[in-house]
Amino acid sequence: MKLFYQTLLAAMSAGLLISSHAALAKQEPQTWHSTPVSANTVYQADPSIKLTLEQIMADPDWLGRSPQNPFWGADSNQVFYQQKRAGSELKDWYQRPLDAADNGMLVPLSQLHQIGSANVVYSADKQRQAWVFEGNIFVRKADGQIMQITRSNTGYTDPQFMRDNRLLYRQGWTFFTADLDTGLNSELISLKTAEQPKAPTVPKGYLAQEQHKLIDYVAKVQRHKVEQHQADVALRNANPAMAPAAVYFGKDQQIVDASVSPNADYLLVAVRKAKPRNDKDIMPNYITDSGDIAAQPVRWRVNDFKPEPQRLILVSLTDGTQYPLSYTSLPGYNEDVLAEVKAENAKAKGEKYKSSKVIRDIGLMTDWYWSQSAIRWHNNGEQVAVMLKAFDNKDRWIATVDFDKKALVPQHRLHDKAWINYAFNDFGWFNNSETLYFLSEESGYSHLYTKVLSARKAQKLTSGTFEVSNPILTTDDGYLYFKANVSHPGIYEVYRLNPATAVTEQLTNLGGMTDFTLAPDEQKLLLTHSTSLMPEDLYLMSAKPDAQVIRLTDTVSAEFKQLPLVAPQIVAVPSSHAAQPIFSKVYYPADYQQGEPRRAVIFNHGAGYLQNSDLGWSGYFREFLFHNLLAQQGYVVMDMDYRASKGYGRDWRTAIYRQMGTPEIEDLADGVNWLVTNANVDRERIGTYGGSYGGFMTFMALFKQPELFQAGAALRPVSDWAYYNHPYTSNILNTPDIDPIAYQRSSPIYFTQGLTKPLLINAPMVDDNVFFQDVVRLVQRLIEQEKQDFETAIYPVEPHSFRQPSSWLDEYRRIYKLFEQEL
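Residue numbers restart at each chain and count upward from 1, following the sequence in its written direction. In keeping with the model being predicted, local features are shown solely for residues with a pLDDT of at least 70 and side-chain atom pairs are shown and tallied solely at 80 or more, while totals for entire chains, interfaces and linings include all residues. Heavy atoms from the whole structure form the basis of all side-chain values; hydrogens and water molecules are not counted.

## So, the pairing of strand 28 (residues 447–452)
Throughout, exposure labels follow a simple rule: accessible area from a 1.4 Å probe, protein chains only, divided by the maximum for the residue type, with under 20% read as buried, over 50% as exposed, and the rest as partly exposed. Elements are defined by DSSP. Helices are runs of H or I of four residues or more, strands are runs of E of two residues or more, and each kind is numbered from the N terminus. For strand 28, the buried fraction is high: five of the six residues fall into the buried class. In short, DSSP must find at least two bridges between two strands for them to pair. Direction of pairing for strand 27 (residues 435–440) relative to strand 28: antiparallel, over a ladder of six bridges. Bridge pairing in strand 28 links T435 to V452. Here strand 27 folds back onto strand 28 in antiparallel fashion, the turn holding six residues, of which G444 has a positive phi close to 110°. Joining the antiparallel neighbours strand 28 and strand 29 (residues 459–460) is a turn of six residues.

## Things to note about unusual backbone geometry
Of all residues except glycine, most have a negative phi; of all peptide bonds, most are trans. Backbone geometry places D546, a non-glycine residue, at a positive phi of 60°. Residue class for D546 comes out exposed when judged on its relative accessible area of 63%. You will see that E786, though not glycine, has its phi angle at about 60°, which is positive. Mapped onto the fold, E786 is located in the loop between helix 14 (772–784) and strand 45 (790–795).

## Observations regarding the packing of aromatic side chains
Note on ring pairs: Phe, Tyr and Trp rings are taken, using the six-membered ring of Trp, and paired if centres are within 6.5 Å. Classes follow the plane angle, with under 30 degrees stacked, over 60 edge-to-face and the rest tilted. In the structure shown here, the tally under the stated rule is 44 aromatic pairs. Consider the rings of Y795 and F802, whose centres lie 5.0 Å apart with planes at 50°: the pair is tilted. By relative accessible area, which is 4% here, Y795 ends up buried. The class for F802 is buried, based on a relative accessible area of 4%. Cluster of aromatic residues (ring-pair linked, three or more members): W368, Y422, Y609, Y642, Y693, F696, W721, Y724 and Y728.

## Thoughts on the side chain of Q129
If you trace the backbone, Q129 turns up in strand 7 (residues 129–133). Using a relative accessible area of 6% as the deciding quantity, one classes Q129 as buried.

## Some points on the layout of surface pockets
Using only the protein atoms, space was sampled on a 1 Å grid; points where a 1.4 Å probe fits but cannot get out form cavities, open sets with protein on both sides within 12 Å along at least five of seven lines form pockets, and lining residues are those with an atom within 4 Å of a point. Grid points are joined across faces, edges and corners, and a volume is the space filled by probe spheres set on the points. Put simply, the second largest pocket is a space of about 550 Å³. Contributing to the lining of the second largest pocket are 26 residues, with R272, Q310, L364, T366 and F391 lying nearest its centre.

## Observations regarding the environment of P159
As for its placement among the helices and strands, P159 is situated in strand 10 (residues 157–161). On the basis of relative accessible area, P159 is assigned to the buried category, the value being 11%. Residues P159 and T508 lie 349 residues apart in sequence; the distance between their C-alpha atoms is 33 Å. By definition, residues are in contact when any of their heavy atoms lie within 4.5 Å. When neighbours within four sequence positions are excluded, P159 is seen to be in contact with V121, A130, W131, V132, I137, L167, L168 and Y169.

## Re helix 11 (residues 693–704)
Multiplying one less than the number of residues by 1.5 Å gives the expected span of a helix. For helix 11, which comprises 12 residues, the first-to-last C-alpha distance of 16 Å matches the rise-based estimate of 16 Å (1.5 Å per residue) to within 8%. For helix 11, the complete set of buried residues consists of Y693, G694, G695, F696, M697, T698, F699, M700, A701, L702 and F703.

## Examining empty space enclosed by the protein
Here the structure, examined in full by the defined rule, presents four cavities of 30 Å³ or more. Counted as a void, the largest cavity has a volume near 50 Å³. Within the lining of the largest cavity, the residues separate by chemical class into six nonpolar, four polar and one charged. Nonpolar residues are Ala, Val, Leu, Ile, Met, Phe, Trp, Tyr, Cys and Pro. Charged residues are Asp, Glu, Lys and Arg, and all others, Gly as well, are polar.

## Concerning the sheet that holds strand 5 (residues 105–106)
Here we have four strands laid out as an open sheet, ordered 2-3-4-5, and antiparallel in their pairing. What marks the edges here is a single partner per strand, and that holds for strand 2 (68–72) and strand 5.

See below:
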C-alpha cells in the first residue's frame, strides 16, 4: 500500500493530475436527442470579473438550481426531478422525456400522484410498481393503469408486493393488504405496545371480593363482561371476515422496525423499552413570532443517553405466537470488547479492572446513508436476513433465521476495535438463489462480498485501495452495479461486476463525482455528475461499457458560467504519521511562485467523516467561491482531507479513535510545511478556519499547537464532546462513563489555556446539532483564564446550517477581516 501511494505522489508531483473536463471530452457522439458531453462543458469565463462577498453569500439561486431527487419513470423513457423554485424554498417536479431537447416540463399539480417516486417498489416480475404520494398508496398495473389504494389523511407507508397478488402497506404499526384483483383492503396484523387484554376478573382486595358476594347486581355485570369477552374471542376465531387479533409486546415498549414476509406467514420485529424524553434537553429560542422565549426540545447528549437493548421477535401471522430470537448464537455476543479501555481508565483512578464475560446490548443496524431496512426478506419469502450491531459499536453481524428452530443463524461477523462504520452497510439477497451480497470494510476498504447460506465463508468480489458503495443487483442476478473511486481517491465512477466471474467493467470515465440510478428496464443509467467547476446536472448512458454519455439538463446560470474561477488542484501531501498521503485541494493565485512569500489559509471541513478533496462539485460551494476570492487576492488556500475523512479506507477513518483532535492537527502541521516548501507561503502568515467539526479543529489547533497558525475562526464549533449526540460521539470516544480519558483528551475546553493567537468564534443560537451551550461554556472558561485574543459573534435566528444570506455575509465578512488584519 505504501508503494502505491509513493507512486501516486510521484505522478502528482510531476503534474500528472486528472482533468475532469478533459475526461468529459473523450465521450462518444450522442445518439439521444440531447446535449452530448464534450469539452464545450468548460464555460467561457470573463477574466475581468472580481468576486465579492456580497455575491458569494447571496441566495444561491444565482448559481443555478440543480436537479434534486431524480428518478426514472416506469417506462424507462423519461426521468423526473425536483428543482428549487426561484426565490423560494419550495420545490417543483419536472418531467424530462429522454428525447426532449430542453430541461423538461413542469409537472402539473393535478398529475403529481401519477409520476411515481424515487422509492418506488416493484413486483417480482417488474411489471407493476407501487409508491407513496402524500401519505397514500398508488399502484401502476402491468397495463399502465394507475390504481389508488388508499385515500386518507391518515398517512400510509412502505408498500410491498406479496407473492399472492396482494399489496402490503402500513399505517403506524398496523399492516394492511390490498387484493389487486378484487380491491379488498384487509388488516393483516396490528402491533401494539400495551399489555395483552385479559378476560375480566374480580378486582383483588377484601372490599371488592365481598362486594361481588353480597351485591347481586355487581356480580351480574361481572358475568356479562366475562360472557361478552368469551363471545368476542369465539367470533374472531370462527368468522373469517373478522380482522385478526392484535399482537401485544407489553407497555412502555417501542417498536424499532418490523417487516412482513412476502408469503404473509411471518413477521420479524425489533422492540425495545421506550425512553421518556429528558425535560432538561431544551434549547431557548429568543426570537419567535410571539415575542416570547420558546424552550425547544432537542436531542440527548451522549453523557445522558443510555441505549436500550432490542428484543428481536419472530411472530407467526397464522396464530400470533411470538418467538423471541436469542443473540447467543452470534460470535462474540458476550465478549468484553472494551476491556482494555476500561482497564486504562481504572488505572487512571488508581483502581484495577478485571475482564469478564458480559452481555452486550445488541439491536438492528442503522446506516446514515441507507434507504433500506436492516431486515431483508428473500423474494421467495422463505428466508430473511437481518443486520445487527452491538451498541458498543465494535461488531456488526448478518444473520438469517432458522424458522424450524426459531433461532438466529450467523452468516457474517465484522469486528472493528475502533468502531463499525455507519456507512458501507448495504446488503441484500440474490433474486434467484439463497445467496447474500453485502459491503464490508474487513479488508481495510469497503468492498463487495457474497455469502451462500450453506458456505462457511463469504467470497470477496472486489479488492484494492478504493471504496465501493451503492451496489444495485439486476433482476437476473447478472450484474451488480456500483460506484467506486478506483483510479483516484477523489474521482468516483460507475462500474458493474458479474458475480459469477467476478469480472468488473468500468462504465463511466467522466472524472469528478458521478452517481447513478439504474432504469427499470435495466438498460440505461441516469447519472448525476459534477466537477470542481460544474455543479450537478443529469446525464444519460446505456448500462454497458463504452457507451456514449449525453447531458439531459443544463441548470447552471449564465452568471455563474462567466466567473473566472480557479479549479483547485488535488495534491498528495506526504504524511509524517501515516503511510498514506493527505489528499488536499489547493487554490493557487496567479504567479504564486513569484515575489515575496504569500499568505495562506487552511480550511477544515466539517463532519469529520466527509470527503472534500474530491474532483466533484463541493457541498461547501460558498467556501469554494470564498477560496477563489482569496486566491484572486493573492492567498494560497488549502482544504485537507485530514485523517478521519471519508473515501480513504478504514484506517484513515479510525485514526481518531479515542484521540479526536490529535491526528487531524498533525495533518494540518504537514499541510503547513507543504505550503511553505511547495507554494511560496510565509510560515508566519497562515490562518485556519472551519465549521462544526472544522470549528472544533480550529480550537484544537490554536489551543494545542499555537505556533502553527497566526489566527483562526471557529464556526458553530464543538467544545466538549460529552455534550454532543450519542450516535456520532459514542462511535469514536465510547461513552463518558466508560472512557472519560478519551473525552478529556479530545475536548477543546480542556486545552483553552494554550490560546495565544487571535480567535474568532461564530455561534448560531438555535443550533440543534452543536448546541450554543458549547460556545457559552468555552467563552466563560476563556474569560476566567483572562484570555484577550478572542471575539465572539452570535447569530440569534440561525440553526447549524445558516439560512439567511445576511448571516452568511456577516460571518464571512468577519472571517475575511480576521485574515486581512492578522495575516
